[in-house]
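# Residue-level structural notes
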Amino acid sequence: MLTATEQVVSASYWFKFQGNNLLVQALGLLALQAYLPSLHPPPCNIEAELSNCEEVHGFNTVILHIGLYTWAFSEGCIRACTPSLGADQFDHEDPSESRQQSSFFNWFTFGISLGGFIGLILIVWLENYKGWDIGFGVCALLILHGLLIVATGLPFYRNQVPEGSPLTRILQVINLN
(Lines give C-alpha, C1' and ligand atoms only; values in the text may rest on other atoms or scores of the structure.)
Protein backbone atom coordinates (compact mmCIF):
# COMPACT_ATOMS: atom_id res chain seq x y z
CA MET A 1 0.00 0.00 0.00
CA LEU A 2 2.87 2.39 0.74
CA THR A 3 4.31 1.93 -2.75
CA ALA A 4 0.95 2.85 -4.29
CA THR A 5 0.89 5.98 -2.14
CA GLU A 6 4.47 6.77 -3.14
CA GLN A 7 3.60 6.40 -6.81
CA VAL A 8 0.66 8.77 -6.52
CA VAL A 9 2.73 11.33 -4.63
CA SER A 10 5.75 11.12 -6.91
CA ALA A 11 3.82 11.00 -10.19
CA SER A 12 1.13 13.52 -9.37
CA TYR A 13 2.54 16.04 -6.98
CA TRP A 14 6.26 15.92 -7.57
CA PHE A 15 8.24 16.01 -10.71
CA LYS A 16 9.37 12.45 -11.31
CA PHE A 17 13.01 13.12 -10.35
CA GLN A 18 12.51 14.18 -6.72
CA GLY A 19 12.84 10.57 -5.56
CA ASN A 20 16.43 10.59 -6.83
CA ASN A 21 17.14 13.73 -4.84
CA LEU A 22 15.75 12.12 -1.68
CA LEU A 23 17.77 8.98 -2.30
CA VAL A 24 21.02 10.97 -2.57
CA GLN A 25 20.17 12.75 0.68
CA ALA A 26 19.32 9.49 2.48
CA LEU A 27 22.52 7.75 1.37
CA GLY A 28 24.52 10.86 2.24
CA LEU A 29 23.01 10.86 5.73
CA LEU A 30 23.80 7.16 6.21
CA ALA A 31 27.36 7.71 4.92
CA LEU A 32 27.78 10.60 7.35
CA GLN A 33 26.55 8.48 10.24
CA ALA A 34 28.88 5.64 9.27
CA TYR A 35 31.81 8.07 8.94
CA LEU A 36 31.50 10.14 12.12
CA PRO A 37 32.59 8.22 15.25
CA SER A 38 30.37 10.39 17.46
CA LEU A 39 27.33 8.88 15.72
CA HIS A 40 28.46 5.27 16.27
CA PRO A 41 27.38 3.11 19.18
CA PRO A 42 30.15 2.23 21.64
CA PRO A 43 32.34 -0.60 20.35
CA CYS A 44 31.70 -4.08 21.66
CA ASN A 45 32.95 -7.60 21.10
CA ILE A 46 29.96 -9.69 20.07
CA GLU A 47 31.98 -12.90 20.19
CA ALA A 48 33.04 -12.48 23.81
CA GLU A 49 29.80 -11.52 25.47
CA LEU A 50 26.54 -10.24 24.02
CA SER A 51 25.55 -8.27 27.11
CA ASN A 52 28.39 -5.76 26.73
CA CYS A 53 26.89 -4.36 23.50
CA GLU A 54 24.83 -1.21 24.02
CA GLU A 55 21.85 -0.16 21.94
CA VAL A 56 21.92 3.10 20.07
CA HIS A 57 19.76 5.74 21.74
CA GLY A 58 18.63 9.30 21.24
CA PHE A 59 19.85 11.46 18.39
CA ASN A 60 21.87 8.66 16.80
CA THR A 61 18.77 6.49 16.49
CA VAL A 62 16.79 9.38 15.00
CA ILE A 63 19.45 9.98 12.33
CA LEU A 64 19.64 6.27 11.52
CA HIS A 65 15.88 5.92 11.16
CA ILE A 66 15.49 9.12 9.13
CA GLY A 67 18.17 7.86 6.73
CA LEU A 68 16.68 4.39 6.42
CA TYR A 69 13.05 5.51 6.03
CA THR A 70 13.98 8.26 3.57
CA TRP A 71 15.94 5.68 1.58
CA ALA A 72 12.97 3.28 1.52
CA PHE A 73 10.48 6.01 0.58
CA SER A 74 12.65 7.45 -2.19
CA GLU A 75 13.43 3.99 -3.56
CA GLY A 76 9.69 3.33 -3.80
CA CYS A 77 9.19 6.61 -5.65
CA ILE A 78 11.96 5.85 -8.12
CA ARG A 79 10.90 2.26 -8.79
CA ALA A 80 7.30 3.34 -9.37
CA CYS A 81 8.03 6.28 -11.68
CA THR A 82 11.09 5.37 -13.74
CA PRO A 83 9.36 2.89 -16.08
CA SER A 84 6.45 5.26 -16.70
CA LEU A 85 8.85 8.14 -17.35
CA GLY A 86 10.61 6.00 -19.95
CA ALA A 87 7.31 4.96 -21.55
CA ASP A 88 6.24 8.62 -21.77
CA GLN A 89 9.14 9.31 -24.13
CA PHE A 90 7.68 7.24 -26.96
CA ASP A 91 4.70 7.82 -29.23
CA HIS A 92 2.56 4.68 -29.21
CA GLU A 93 1.06 5.53 -32.61
CA ASP A 94 4.43 5.56 -34.41
CA PRO A 95 5.64 2.01 -35.27
CA SER A 96 9.35 2.92 -35.10
CA GLU A 97 8.94 4.51 -31.67
CA SER A 98 6.96 1.48 -30.55
CA ARG A 99 9.97 -0.72 -31.39
CA GLN A 100 12.25 1.75 -29.63
CA GLN A 101 10.03 1.54 -26.55
CA SER A 102 10.41 -2.23 -26.53
CA SER A 103 14.18 -1.80 -26.80
CA PHE A 104 14.09 0.75 -23.98
CA PHE A 105 12.40 -1.70 -21.61
CA ASN A 106 14.91 -4.42 -22.53
CA TRP A 107 17.82 -2.09 -21.74
CA PHE A 108 16.02 -0.80 -18.64
CA THR A 109 15.64 -4.32 -17.28
CA PHE A 110 19.24 -5.11 -18.17
CA GLY A 111 20.40 -1.95 -16.38
CA ILE A 112 18.42 -2.82 -13.25
CA SER A 113 19.90 -6.33 -13.25
CA LEU A 114 23.45 -5.07 -13.88
CA GLY A 115 23.06 -2.52 -11.09
CA GLY A 116 21.96 -5.24 -8.70
CA PHE A 117 24.89 -7.43 -9.74
CA ILE A 118 27.40 -4.62 -9.27
CA GLY A 119 25.79 -3.73 -5.95
CA LEU A 120 26.10 -7.28 -4.71
CA ILE A 121 29.76 -7.47 -5.66
CA LEU A 122 31.36 -4.02 -5.61
CA ILE A 123 29.33 -2.24 -2.94
CA VAL A 124 29.35 -5.21 -0.55
CA TRP A 125 33.11 -5.55 -1.04
CA LEU A 126 33.60 -1.83 -0.35
CA GLU A 127 31.47 -1.98 2.79
CA ASN A 128 33.24 -5.07 4.09
CA TYR A 129 36.83 -4.04 3.37
CA LYS A 130 36.83 -0.24 3.17
CA GLY A 131 33.96 0.69 5.49
CA TRP A 132 30.26 1.40 5.45
CA ASP A 133 30.92 5.11 5.00
CA ILE A 134 32.76 4.45 1.73
CA GLY A 135 30.01 2.10 0.49
CA PHE A 136 27.19 4.54 1.23
CA GLY A 137 29.26 7.43 -0.11
CA VAL A 138 29.97 5.65 -3.41
CA CYS A 139 26.26 4.83 -3.75
CA ALA A 140 25.32 8.47 -3.12
CA LEU A 141 27.89 9.71 -5.64
CA LEU A 142 26.78 7.23 -8.30
CA ILE A 143 23.13 8.21 -7.87
CA LEU A 144 24.08 11.91 -7.92
CA HIS A 145 26.03 11.28 -11.13
CA GLY A 146 23.00 9.55 -12.69
CA LEU A 147 20.73 12.36 -11.52
CA LEU A 148 22.98 14.93 -13.20
CA ILE A 149 22.95 12.94 -16.44
CA VAL A 150 19.16 12.71 -16.36
CA ALA A 151 18.88 16.41 -15.50
CA THR A 152 20.95 17.43 -18.55
CA GLY A 153 18.33 15.82 -20.78
CA LEU A 154 15.44 17.43 -18.92
CA PRO A 155 14.60 19.99 -21.63
CA PHE A 156 14.22 17.18 -24.18
CA TYR A 157 11.87 14.93 -22.18
CA ARG A 158 8.22 14.49 -23.00
CA ASN A 159 6.69 15.14 -19.61
CA GLN A 160 3.04 14.13 -19.51
CA VAL A 161 1.47 15.86 -16.56
CA PRO A 162 -1.22 13.73 -14.91
CA GLU A 163 -4.74 15.05 -15.30
CA GLY A 164 -7.54 14.83 -12.80
CA SER A 165 -7.44 13.70 -9.21
CA PRO A 166 -5.05 10.90 -8.23
CA LEU A 167 -7.64 9.76 -5.69
CA THR A 168 -10.12 9.12 -8.52
CA ARG A 169 -7.60 6.88 -10.27
CA ILE A 170 -6.90 4.93 -7.09
CA LEU A 171 -10.61 4.42 -6.49
CA GLN A 172 -11.02 3.24 -10.11
CA VAL A 173 -8.30 0.63 -9.61
CA ILE A 174 -9.79 -0.50 -6.30
CA ASN A 175 -13.24 -0.70 -7.89
CA LEU A 176 -11.91 -2.91 -10.73
CA ASN A 177 -10.49 -5.38 -8.22
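In this report, we go over the structure that sits alongside the text.

Parameters and conventions
Residues numbered from 1 in each chain as written. Predicted model: local features only at pLDDT ≥ 70, side-chain atom pairs only at ≥ 80, totals over all residues. Heavy atoms only, no water. Helix = DSSP H or I, 4+ residues; strand = E, 2+ residues; numbered from the N terminus. Buried < 20%, exposed > 50% of the residue type's maximum accessible area, 1.4 Å probe, protein only. Contact = heavy atoms within 4.5 Å. Areas by Shrake-Rupley, 256 points an atom, 1.4 Å probe, with all protein chains shown as cover. Expected span 1.5 Å × (residues − 1). Bend = angle between axes of the 7 residues up to and from the residue. Axes fitted to C-alpha atoms, helices over the stretch in contact; angles between N-to-C directions. Parallel < 35°, antiparallel > 145°, perpendicular 65-115°, else oblique. Left-handed = near helix turned anticlockwise from the far one by under 90°. Nonpolar A, V, L, I, M, F, W, Y, C, P; charged D, E, K, R; others polar. Core = buried A, V, L, I, M, F, W, Y, C linked by side-chain atoms within 4.5 Å. Phe/Tyr/Trp six-rings, centres within 6.5 Å; stacked < 30°, edge-to-face > 60°. 1 Å grid on protein atoms, 1.4 Å probe; cavity = no way out; pocket = protein on both sides within 12 Å on 5 of 7 lines; lining within 4 Å. Points joined across faces, edges and corners; volume = space filled by probe spheres on them.

From N to C terminus, the protein includes 6 helices and 0 strands. Helices and strands appear in the protein in the N-to-C order α-α-α-α-α-α. Across the 177 residues that make up the protein, the buried fraction comes to 27%. Within the protein, counting contacts between residues at least 6 apart in sequence, those at least 24 apart form 67% of the total. About 12200 Å² of surface is accessible on the protein, with carbon and sulfur atoms providing 66% of the total.

An ideal rise of 1.5 Å per residue puts 51 Å on 35 residues; helix 4 (residues 95–129) measures up with 50 Å between its terminal C-alpha atoms. For helix 4, the principal kink sits at Gly119 and spans about 35°. Every buried residue belonging to helix 4 is among Glu97, Gln101, Ile123, Leu126 and Glu127, and all of these are buried. In this structure, the buried residues of helix 4 make contact with helix 3 (59–88) and helix 5 (132–152). Looking one or two residues beyond helix 4, the residue adopting positive phi is Gly131, at roughly 125°.

A few words now on the packing of helix 3 against helix 4. Between helix 3 and helix 4, the shortest axis-to-axis distance is 10 Å and the interhelical angle comes to 150°. Relative to helix 4, helix 3 is oriented roughly antiparallel. By crossing handedness, the relation of helix 3 to helix 4 is classed as right-handed. Residue-level inspection shows Arg79, Thr82, Pro83, Gly86 and Ala87 of helix 3 in contact with helix 4, the latter providing Gln101, Phe104, Phe105, Phe108 and Ile112. Taken together, the residues of the contact of helix 3 with helix 4 break down into 6 nonpolar, 3 polar and 1 charged.

Bringing the nonpolar core into the picture now. Residues Leu23, Leu27, Leu30, Ala31, Ile78, Ile123, Leu126, Phe136, Cys139 and Ala140 constitute the largest nonpolar core, which totals 10 residues. Where this core is concerned, the elements lending two or more residues are helix 2 (18–35), helix 4 and helix 5. Here the element with the most residues in this core is helix 2; it accounts for 4 residues.

Let us look at the packing of aromatic side chains. Following the criterion strictly, the structure yields 7 aromatic pairs and no others. A centroid spacing of 5.0 Å and a plane angle of 70° characterise the contact between Phe104 and Phe105, whose relative ring orientation is edge-to-face. Where Phe104 meets Phe108, the ring centres are 5.8 Å apart and the plane angle is 25°; that geometry is what we call stacked. Placement of both Phe104 and Phe108 in helix 4 is noted, with a separation of 4 residues, approximately one turn of the helix. In this structure Phe108 comes out as partly exposed when scored by relative accessible area, which is 23%. Put simply, the rings of Phe90, Phe104, Phe105 and Phe108 touch in pairs and so form one group of aromatic residues.

So, about the layout of surface pockets. A volume near 1200 Å³ is recorded for the largest pocket. Around the largest pocket sit 34 residues that line it, and Leu23, Glu75, Ile78, Ile112 and Ile143 are the ones nearest its centre. Of all the secondary structure elements, the ones that give two or more residues to the lining of the largest pocket are helix 2, helix 3, helix 4 and helix 5. Ranked by residue count, the leading element in the lining of the largest pocket is helix 4, at 10 residues.

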